[in-house]
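Residue-level structural notes
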Protein chains: 2
Amino acid sequence: MNYTVRDSTPEDCKDIMRLIVDLAEYEKMANEVKLTHKELEADGFSSNPFFKCLVAEVPEEFKSKEGHTLVGYGFYFFTYSTFKGRAVYLEDLYVMPEFRGKGIGKALMSHIAQIGRARGCVRMQFTVLDWNKPSLDFYSSQGALNLTATEGWQLLRFEGDHLEKLAQSAN
Amino acid sequence: MNYTVRDSTPEDCKDIMRLIVDLAEYEKMANEVKLTHKELEADGFSSNPFFKCLVAEVPEEFKSKEGHTLVGYGFYFFTYSTFKGRAVYLEDLYVMPEFRGKGIGKALMSHIAQIGRARGCVRMQFTVLDWNKPSLDFYSSQGALNLTATEGWQLLRFEGDHLEKLAQSAN
């Protein structure tokens with residue numbers, strides 16, 4: 001099947017939001033999604049964007065059952081390691097179930113790795129849920145290291161009242 | 001003890017690099033540090049910086065045994081959650097051992113939370129090694145959630161030849 005991987009535009013934000021909700025459902029976290037496509041537009045397509053996003057598109061004749069041609073996305077931004085330097089972070093990688101097994105996910109990920117390398121990044125990092133064995137196996141087959149398993153890294157988060165209280169204690 | 005928390009400047013990079021190496025030694029990863037203060041300067045103080053860094057400074061009369069007045073740092077950048085929106089990532093938080101227990105680490109972290117809130121961030125995330133119980137206990141006492149323990153998130157990484165191969169497969 002033909003498909004194209006390209007940079008997203010503000011006009012893609014509704015479709016990207018649809019795919020974000022699909023991914024959240026797969027991750028059993030659909031009730032966590034608070035973002036709207038308007039926020040995506042504002043935060044990703046201003047002069048100082050918070051993120052970058054690639055999309056995978058199929059020709060009209062291969063559109064999905066519901067009529068969608070935008071069938072996958074790879075959402076990323078640049079980060080930094082104080083040990084190694086420039087890094088790229090893959091926040092989300094998602095392909096609609098009916099379009100899997102055609103190399104679209106791999107293509108999105110490879111393009112983000114290529115963009116990262118072109119900017120001098122020496123790492124690409126991301127997180128995966130421990131029960132998501134198909135994804136863990138796929139990334140492992142491509143040579144990814146699981147740093148939680150091998151080095152013991154735990155992901156921590158402040159949010160809500162705890163984040164607010166912490167911020168206010170700076171005054 | 002008096003101390004000041006302030007934005008770092010290019011002139012601080014040598015000191016920040018010294019503290020990065022100190023932290024890496026504490027994390028038993030000193031041989032992982034490949035960064036130089038010149039790279040820090042180039043990547044953090046250009047028109048499109050990859051990161052931001054706060055430093056904690058004590059007055060000359062309280063300098064360290066080796067004569068240092070810059071005694072801690074908090075290294076951060078902005079990221080993005082496709083479920084919740086703007087986020088701030090705390091890459092490193094470090095205070096020299098002889099200056100601990102005075103609230104300097106908490107002050108650095110609070111200031112970064114405050115900067116994040118001012119930019120509309122709804123989360124502050126970071127990683128901690130599973131054997132680093134003092135840090136895990138400290139963050140937990142401040143209300144941080146351990147998402148690896150509660151939701152199962154694993155941190156994965158591509159680097160070196162695997163990253164290069166992935167990037168080249170995009171061609």
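Summary of the structure given here. None of these values were measured; they are calculated from a predicted model. (Residues numbered from 1 in each chain as written. Chains lettered and ligands numbered in written order. Predicted model: local features only at pLDDT ≥ 70, side-chain atom pairs only at ≥ 80, totals over all residues. Heavy atoms only, no water.)

**Concerning the overall build of chain A**
- The helix and strand tally for chain A stands at six helices and seven strands.
- Along chain A, helices (α) and strands (β) appear in the sequence β-α-α-β-β-β-α-β-α-β-α-β-α when read from the amino end.
- Radius of gyration (C-alpha) of chain A: 17 Å, near the 16 Å computed for a compact globule of 171 residues.
- Expressed along its principal axes, the backbone C-alpha trace of chain A runs to roughly 55 × 35 × 35 Å. (Helix = DSSP H or I, 4+ residues; strand = E, 2+ residues; numbered from the N terminus. Rg over C-alpha atoms; globule rule 2.2 N^0.38 Å.)

**Comments concerning the sheet that holds strand 4 (residues 85-95) of chain B**
- The sheet built from seven strands is open, its strands ordered 1(B)-2(B)-3(B)-4(B)-5(B)-7(A)-6(B) with mixed pairing. Each edge of the open sheet carries a strand with a single partner, namely strand 1 (4-7) and strand 6 (145-146) of chain B.
- Strand direction decides the pairing type here: strand 7 (residues 153-159) of chain A and strand 6 of chain B, joined by two bridges, are antiparallel. Its bridge partner being in strand 6 of chain B, Leu156(A) is matched across the sheet by Asn146(B). (Pairing = 2+ DSSP bridges.)

**What about the relation of the copies chain B and chain A?**
- By a simple turn and slide, chain B fits onto chain A: the slide is 0.0 Å along the axis, the RMSD is 0.0 Å, and the turn is 180°. Taken together, the rotation and translation describe the operation of a two-fold axis.
- Looking at chain B, 100% of its interface residues are interface residues in chain A too, so the copies touch through the same face. (Least-squares fit on C-alpha atoms with pLDDT ≥ 70 in both. Contact = heavy atoms within 4.5 Å.)

**Remarks on helix 6 (residues 160-168) of chain A**
- If you check which residues of helix 6 of chain A are buried, you get Leu163(A), Leu166(A) and Ala167(A). For helix 6 of chain A, the angular spread of the buried residues around the axis is 100°, confining them to a single face. Exposed and oriented more than 90 degrees from the buried face of helix 6 of chain A are Asp161(A) and Lys165(A).
- Where the residues of helix 6 of chain A are buried, they touch strand 7 of chain A together with helix 3 (104-118) and strand 5 (123-129) of chain B. (Buried < 20%, exposed > 50% of the residue type's maximum accessible area, 1.4 Å probe, protein only. Arc of directions from axis to C-beta.)

**What about the environment of Leu90(A)?**
Residues and elements named next belong to chain A.
- Looking at where Leu-90 falls in the secondary structure, it is placed in strand 4 (residues 85-95).
- On the basis of relative accessibility, which here comes to 3%, the residue Leu-90 falls in the buried class.
- Spatially, the C-alpha atoms of Leu-90 and Lys-52 are 9.8 Å apart, while their sequence positions differ by 38 residues.

**Some thoughts on the packing of aromatic side chains**
All names here are of chain B.
- Under the criterion given, the structure shown has 26 aromatic pairs over all chains.
- Taken together, a centroid distance of 6.2 Å and an interplanar angle of 55° make the contact between Tyr-26 and Trp-131 tilted. Linking Tyr-26 in helix 1 (residues 13-26) with Trp-131 in the loop between strand 5 and helix 4 (133-141), this pair joins segments that are 105 residues apart in sequence.
- Classification of Tyr-26 by relative accessible area gives partly exposed; the value is 33%. (Phe/Tyr/Trp six-rings, centres within 6.5 Å; stacked < 30°, edge-to-face > 60°.)

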